[in-house]
Amino acid sequence: RDEVPQESSPRSQAAMLVAAFAGSLSLSIGASAAPRSRSAVNMQVAAEAQVAQPVALAKAADEARGLAIDSISKAHSGHMGLPLGCAEVGAVLWGQEMSYNPDDPTWLNRDRFILSAGHGSMFLYSWLHIAGYDLPKEEVSNFRVKDSKTPGHPEWQGMHPHTPGIESTTGPLGQGIGNGVGMAAAAKQAAATLNTADHTIIDHHVVVLCGDGCLQEGVANEAVAFAGHEKLDNLILMYDSNGVTLDKMAEHTQSEDVSMRFEAQGWEVLEVDGHDMDAITKAYRYAKDSDNGKPTLIVCKTIIGKGIDEIAGTCAAHGEAGVQYQDSGREALGLPADEKWYVSPDTYDYFKSHKAELVAKYDEWQETFKAWKAANADKAAMLEKPAPSAEELMAKMGGFEVGSGVATRNAGAEVLQPIAQEMPFYLSGSADLHGSNKNYMKGVGDFSKNNYAGRNFYYGIREHGMGAILNGMAFYGLHTVSGSTFLVFSGYMMGSVRVAALSGLPVSYIWTHDSIGVGEDGPTHQPVEVVAGLRAMPNLDVMRPGDAEETAAAYASSVTRPDGPTALILSRQNLAVIDTCSAEEKRAGTLKGGYVAKKEEGELEGILIGVGSELELAINAAKELGKGWRVVSMPCVEAFERQSAEYIESVLPKAMKAKTTAAEAGYTAAWYKYADKVLGVDSFGLSAPGDEVFEAKGLTVPAMVALAK
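In this text the structure is predicted, and so the values were computed from the model without any measurement.

## A short note on the overall build of the protein chain
Phase 1 of the analysis: Looking only at helices and strands, one finds 28 helices and 18 strands in the protein chain.
Phase 2 of the analysis: Taken against the 2.2 N^0.38 rule, which gives 27 Å for 709 residues, the C-alpha radius of gyration of the protein chain at 28 Å falls within 12% of a compact globule.
Phase 3 of the analysis: Considering only C-alpha atoms, the protein chain reaches an extent of 85 × 60 × 45 Å along its principal axes.
Phase 4 of the analysis: For the protein chain, with 709 residues in total, the buried portion stands at 62%.
Phase 5 of the analysis: Nonlocal contacts in the protein chain, meaning residues at least 24 apart in sequence, comprise 75% of its contacts between residues at least 6 apart.
Phase 6 of the analysis: Accessible surface, the protein chain: about 25600 Å² in total, of which carbon and sulfur atoms supply 52%.
Phase 7 of the analysis: One way to put it: in the protein chain the 60 positive side-chain charges average out to a point 3 Å from where the 90 negative ones average out.

If you want it as structure tokens, here you go:
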């Protein structure tokens, strides 16, 4: 593409982009030649079916542009570029190619659409409205209004208010690509588990729309590599390639050949004019029908902001600069001046007819599903099995010998096995650390391109990609998922963890090697500050169990929590199975987040709070301080604070705060909410055996006794 000088006028920039893209089309679908390996692909699709009703869909595309222009203009906020630049892509997807039912937006076999470039949210809201979802025009016009169903960025249907048709929360760029990979993997796993030779109940596709910003983010590349390696050919990534980013033209920050990068990672790559619905249709159908072991990237060459000449093809289209051209833009699109948010009766009629066709296919699937269910009682029972309670899962878990030393990561390895057996759609995985994280499920196989029915996932050294993929699997709606790495590397995942927390996704993170107890690996691997940071994240349960029995309850809680993610913070070193209360009391108390692990004898003189590996420290200190000292274990602050005021007071009386001391091998500040004295670690660790590091940092029984007195 020729460089577009910044000093040129908006109209000339748009014209130059059109010319540049037209030049590239000689290498795209339908042409006689194409670069590299794509020539064979292009020849195969050149003669395939055309757009059935191009006039109707072109009209719908312009009216979708109008909805975006009007909503963003009313809000004086938002991103106009993508909704205008990708309108023809939307018309083909919702008006002809994707399989969905607006009346049943959670249908198991629907095609999933993810807008990874979530800043272009009015693209999605416009098409959901036009396609017949329960998103009335009033909601479309209330874009970015408090409590509307059209927030600034798409928010998943599990959030409030509910917006039907939204498959995932997007906005942080690149995350949606990882979500799409996760959904595609979940669909492959579900299909391999549930489909039979006689009945196919899962054969849908996952469609993601992204831009340059998404592809520049590292999380996207990690997920793309995973998808290509695992041959997820049910995934179609549509790349809005407009050559424009927010600050400058994209060429100022990128020069790699994106298509070659994807080809090197095992993807099929097609290029089309993103405003040519015939070309889009051909490419999409080829991608959908090609079960060739390759996910497909469709590079859609578009003009950002197309429809408003003053901003088309420029960086200004990334924001709301087009608002001042609302009236002239609408006039150029042929929209009536006296009716904002205009959708013609012809367009509504077209999509009403299209919906009838979609519902007919949906009804056919329902008949197939009934036949499948009748012929496969075992699989149907697996699919419809109600989720077990934490108590039911704990009943399947064996106990641990009091006084023995068990690292909580090893305890997790044991209690994970009954979870795997009781929850047939539970998936676990690791970023190349199964042997260290101890989260491998026995007897359920490994997910791979050779065995999609497997349930142990190998993500490679791709923590951030793993986090986004886990979210996609959870968004998919069928599986309960977890992933693991060292706690110190959880920082690589934080963008994905935050999306899971704000979306209320039931994802579990198994993060081991939790403190200075890691020892010889040194401060690079001793996460002294990480747990405190995790506890600051809303709606993330952070569970740091103090012994094997607490670990059993923590695992049970993590896989049964319905409305948010859980971080399991587990030790590398052995921890004593404490003997000051029963296993039942420890498990029940852990589910409540905090409990009395050692009761005082006689009048209460003081309280010690012990967390994780420091629970044993607190118990030993209490024995030296005297019979009047209580020990409270608080493995999960978040769960504890959800308890009744009466329960919290019974465990930690407010009147005793001045005589309460907390201990945790990590950052101390947050514990002053519960205790006036805190023993912890406010500096980085050091490379030495774990017990020597504890000694050097002052986490010892004598130190706690002296502080508490």
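## Topic: the environment of Ala669
Phase 1 of the analysis: Relative to the helices and strands, Ala669 is located in the loop between strand E17 (660-663) and strand E18 (677-679).
Phase 2 of the analysis: The spatial distance from the C-alpha of Ala669 to the C-alpha of Ala532 is 8.4 Å, given a sequence separation of 137 residues.

## Regarding the sheet that holds strand E10 (residues 507-512)
Phase 1 of the analysis: Ordered in space as E8-E7-E9-E10-E12-E11, the 6 strands form an open sheet in which the pairing is parallel. Whereas interior strands pair on both sides, the edge strands pair on one side only; in this sheet they are strand E8 (456-458) and strand E11 (541-543). Across the sheet, the mean angle from the axis of one strand to that of its neighbour is 20°, orientation sign disregarded.
Phase 2 of the analysis: In the sheet, strand E7 (residues 426-430) pairs with E8 via 3 bridges, with the strands oriented parallel. Paired with Ser430 across the strands is Tyr458, a residue of E8.
Phase 3 of the analysis: The sheet contacts of helix H22 (residues 548-560) involve E7, strand E9 (480-486), E10, E11 and strand E12 (566-570), and relative to E12 the element is tilted by about 160°.

## Observations regarding the sheet that holds strand E3 (residues 235-241)
Phase 1 of the analysis: Here we have 5 strands laid out as an open sheet, ordered E1-E2-E3-E5-E4, and parallel in their pairing. Each edge of the open sheet carries a strand with a single partner, namely strand E1 (112-115) and strand E4 (268-273). When strand polarity is set aside, the average angle formed by the axes of neighbouring strands in this sheet is 20°.
Phase 2 of the analysis: In terms of strand pairing, E4 meets strand E5 (residues 296-301) through 6 bridges, oriented parallel. Within E5, the residue paired with Glu268 across the bridge is Thr296.
Phase 3 of the analysis: With respect to the sheet, helix H6 (residues 121-131) is in contact with E1 and strand E2 (206-211), its orientation differing from that of E1 by roughly 145°.
Phase 4 of the analysis: Along the sheet, helix H8 (residues 175-194) contacts E1, E2 and E3; its crossing angle with E2, the most-contacted strand, is approximately 165°.

## So, the pairing of E7
Phase 1 of the analysis: Counting buried residues along E7, 5 of its 5 residues qualify, which places the element largely inside the surrounding structure.
Phase 2 of the analysis: Going residue by residue along E7, you find Tyr426, Ser428 and Ser430 tucked away on one face and Leu427 and Gly429 tucked away on the opposite face as well.
Phase 3 of the analysis: Across 3 bridges, E7 lies against E9 in parallel orientation. By the bridge assignment for E9, Ser430 is matched with Ser484.

## Examining the nonpolar core
Phase 1 of the analysis: Counting 144 residues, the largest nonpolar core has Trp94, Phe113, Met238 and Phe351 as its most contacted members.
Phase 2 of the analysis: Considering each element in turn, this core owes the most residues, 10 residues, to H8.
Phase 3 of the analysis: In contact with Phe113, other than residues within four places in its own chain, are Leu93, Trp94, Met98, Phe123, Leu124, Glu167, Val207 and Leu209.

## Looking at the confidence of the model for the protein chain
Phase 1 of the analysis: With 93% of its residues at a pLDDT of 70 or more, the protein chain shows a mean pLDDT of 92.
Phase 2 of the analysis: Ignoring residues within four places in sequence, the model shows residues 1-27, a span with pLDDT below 50, making 48 contacts including any to other chains.
Phase 3 of the analysis: Note on residues 30-47: pLDDT is under 50 here. Beyond four places in sequence and across chains, it has 33 contacts.

## Some remarks on helix H10 (residues 218-229)
Phase 1 of the analysis: The terminal C-alpha atoms of H10, which comprises 12 residues, lie 17 Å apart, in line with the 16 Å expected from a rise of 1.5 Å per residue.
Phase 2 of the analysis: Here H10 has its buried residues at Val219, Ala220, Ala223, Val224, Ala225, Phe226, Ala227 and Gly228.

## Overview of the packing of H8 against helix H19 (residues 463-476)
Phase 1 of the analysis: The contact between H8 and H19 brings their axes to 6 Å, and the two run at 55°. Judged by the inter-axis angle, H8 sits oblique to H19. For the crossing formed where H8 meets H19, the hand is right-handed. In this structure, H8 uses Gln175, Gly178, Asn179, Val181, Gly182, Met183, Ala185, Ala186 and Ala187 to contact H19, whose residues at the interface are His464, Ala468, Ile469, Asn471, Gly472, Met473, Phe475 and Tyr476.
Phase 2 of the analysis: In the contact of H8 with H19, the residues fall into 10 nonpolar, 7 polar and no charged.

## Describing the pattern of salt bridges
A side chain with one charge may pair with a side chain of the opposite charge, provided their charged atoms come close.
Phase 1 of the analysis: Scanning all chains against the criterion turns up 29 salt bridges.
Phase 2 of the analysis: Arg535 serves as the salt-bridge partner of Glu664, at 2.9 Å between the closest nitrogen and oxygen. With Glu664 in the loop between E17 and E18 and Arg535 in helix H21 (residues 530-535), this pair connects stretches of sequence that are 129 residues apart. The same class applies to Glu664 as to Arg535, namely buried.

## Describing the packing of aromatic side chains
One pair of aromatic rings is described through two measures. These are the centre distance and the angle between the planes.
Phase 1 of the analysis: For the structure on display, the rule yields 22 aromatic pairs.
Phase 2 of the analysis: When the centroid spacing of 5.3 Å and the interplanar angle of 80° are considered together, the rings of Tyr350 and Phe351 count as edge-to-face. By the burial criterion, Tyr350 is buried, and Phe351 matches it.
Phase 3 of the analysis: Within the aromatic cluster, the residues linked to one another by ring pairs are Trp107, Tyr362, Trp365, Phe369 and Trp372.

## What about the packing of helix H3 (residues 54-75) against H6?
Phase 1 of the analysis: Relative orientation of the contacting elements H3 and H6 amounts to 125°, with a least axis distance of 9 Å. Our classification of the angle between H3 and H6 gives oblique. Here H3 runs over H6; the crossing is right-handed. Between H3 and H6, the contacting residues are Ala60, Ala61, Ala64, Leu67, Ala68, Ser71 and Ile72 on the first element and Met122, Ser126, Trp127, His129 and Ile130 on the second.

## A word on the state of the cysteines
Phase 1 of the analysis: Counted under the stated rule, the structure contains 0 disulfides.
Phase 2 of the analysis: Cysteine Cys581 is unpaired, with the sulfur of Cys636 as its nearest cysteine sulfur at 17 Å.
Phase 3 of the analysis: A relative accessible area of 13% means that Cys581 is categorised as buried.

## Observations regarding a negative patch on the surface
Phase 1 of the analysis: Side chains of Glu520, Asp691, Glu692 and Glu695 sit close together on the surface and give a patch of like negative charge.
Phase 2 of the analysis: Following the sequence through the fold, Glu520 ends up in the loop between E10 and H21.
Phase 3 of the analysis: We classify Glu520 as partly exposed; its relative accessible area is 49%.

## Brief notes about helix H28 (residues 701-708)
An α-helix turns once per 3.6 residues; consequently, residues spaced three or four apart project the same way.
Phase 1 of the analysis: Taken together, the buried positions of H28 are occupied by Val701, Met704, Val705 and Ala708. Considered in projection along H28, the buried side chains sweep an arc of 100° and stay on one side of the axis. Across from the buried face of H28, at angles greater than 90 degrees, the exposed residues are Pro702 and Ala706.
Phase 2 of the analysis: Here the buried face of H28 lies against strand E15 (606-610), helix H24 (614-625), strand E16 (629-633), E17 and E18.

## Focus on the environment of Ala187
Phase 1 of the analysis: Residue placement: Ala187 occurs in helix H8.
Phase 2 of the analysis: The buried category is assigned to Ala187, whose relative accessible area is 3%.
Phase 3 of the analysis: If we skip the residues at most four places from it in the chain, Ala187 touches Ile202, His204, Asn234 and Tyr476.

Scoring rules and cut-offs
Residues numbered from 1 in each chain as written. Predicted model: local features only at pLDDT ≥ 70, side-chain atom pairs only at ≥ 80, totals over all residues. Heavy atoms only, no water. Helix = DSSP H or I, 4+ residues; strand = E, 2+ residues; numbered from the N terminus. Rg over C-alpha atoms; globule rule 2.2 N^0.38 Å. Buried < 20%, exposed > 50% of the residue type's maximum accessible area, 1.4 Å probe, protein only. Contact = heavy atoms within 4.5 Å. Areas by Shrake-Rupley, 256 points an atom, 1.4 Å probe, with all protein chains shown as cover. Lys, Arg positive; Asp, Glu negative; His and termini not counted. Charge placed at Lys NZ, Arg CZ, Asp CG, Glu CD. Pairing = 2+ DSSP bridges. Axes fitted to C-alpha atoms, helices over the stretch in contact; angles between N-to-C directions. Core = buried A, V, L, I, M, F, W, Y, C linked by side-chain atoms within 4.5 Å. pLDDT = per-residue confidence, 0-100. Expected span 1.5 Å × (residues − 1). Parallel < 35°, antiparallel > 145°, perpendicular 65-115°, else oblique. Left-handed = near helix turned anticlockwise from the far one by under 90°. Nonpolar A, V, L, I, M, F, W, Y, C, P; charged D, E, K, R; others polar. Salt bridge = Lys/Arg side-chain N within 4 Å of Asp/Glu carboxyl O. Phe/Tyr/Trp six-rings, centres within 6.5 Å; stacked < 30°, edge-to-face > 60°. Disulfide = S-S within 2.5 Å. Patch = residues over 30% accessible without salt bridge, like charges linked within 9 Å, V, L, I, M, F, W, Y side chains within 5 Å. Arc of directions from axis to C-beta.

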